[in-house]
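Summary of structural features
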Amino acid sequence: MPTGERGPRRVTVVPGGPVLVEGPVELCTPEGELVRSDRFLVAVCACRRSKRFPFCDTSHRKRVRTQADDGS
């Protein structure tokens, strides 16, 4: 992915929530699909509950993560 003249992107990991990336971004899904967002700040799903995966739709707020969910 070309970055052009812009410096490094800022990525913020939100505990229990999404990964926030300064946009625009291109994401490659596990299935190999390339998806793009032109937003200035993109919320990337980290819990895989989103119906809009790989983008966050706040589904992580609907259910509390248990030990079985996090692999412990």
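Structural data are supplied above this passage.
What comes next concerns the included structure. Along every chain, residues carry numbers that run from 1 in the direction the sequence is written. Predicted model: local features are reported for residues with pLDDT of at least 70 only, side-chain atom pairs are reported and counted for 80 or more only, and whole-chain, interface and lining totals are derived from all residues. Side-chain metrics in this entry use all non-hydrogen atoms of the structure; hydrogen atoms and water are not considered.

Concerning the sheet that holds strand β5 (residues 41-44)
One requirement defines pairing of two strands: DSSP has to find at least two bridges between them. For the purposes of this entry, the term helix denotes a DSSP run of H or I that reaches at least four residues, the term strand denotes a run of E that reaches at least two, and both are numbered from the N terminus. With respect to topology, three strands assemble into an open sheet ordered β1-β2-β5, the strand pairing being antiparallel. Only two strands of the sheet have a single neighbouring strand rather than two, namely β1 (11-13) and β5. Adjacent strand axes in the sheet meet at a mean angle of 20° when their direction is disregarded. Pairing of strand β2 (residues 19-22) with β5 involves four bridges; the strand directions are antiparallel. When the bridges of β5 are listed, Leu 20 appears paired with Ala 43. In this analysis an axis means a line fitted to C-alpha atoms, helices contributing only their contacting stretch, and an angle means the value between N-to-C directions, from 0 to 180 degrees.

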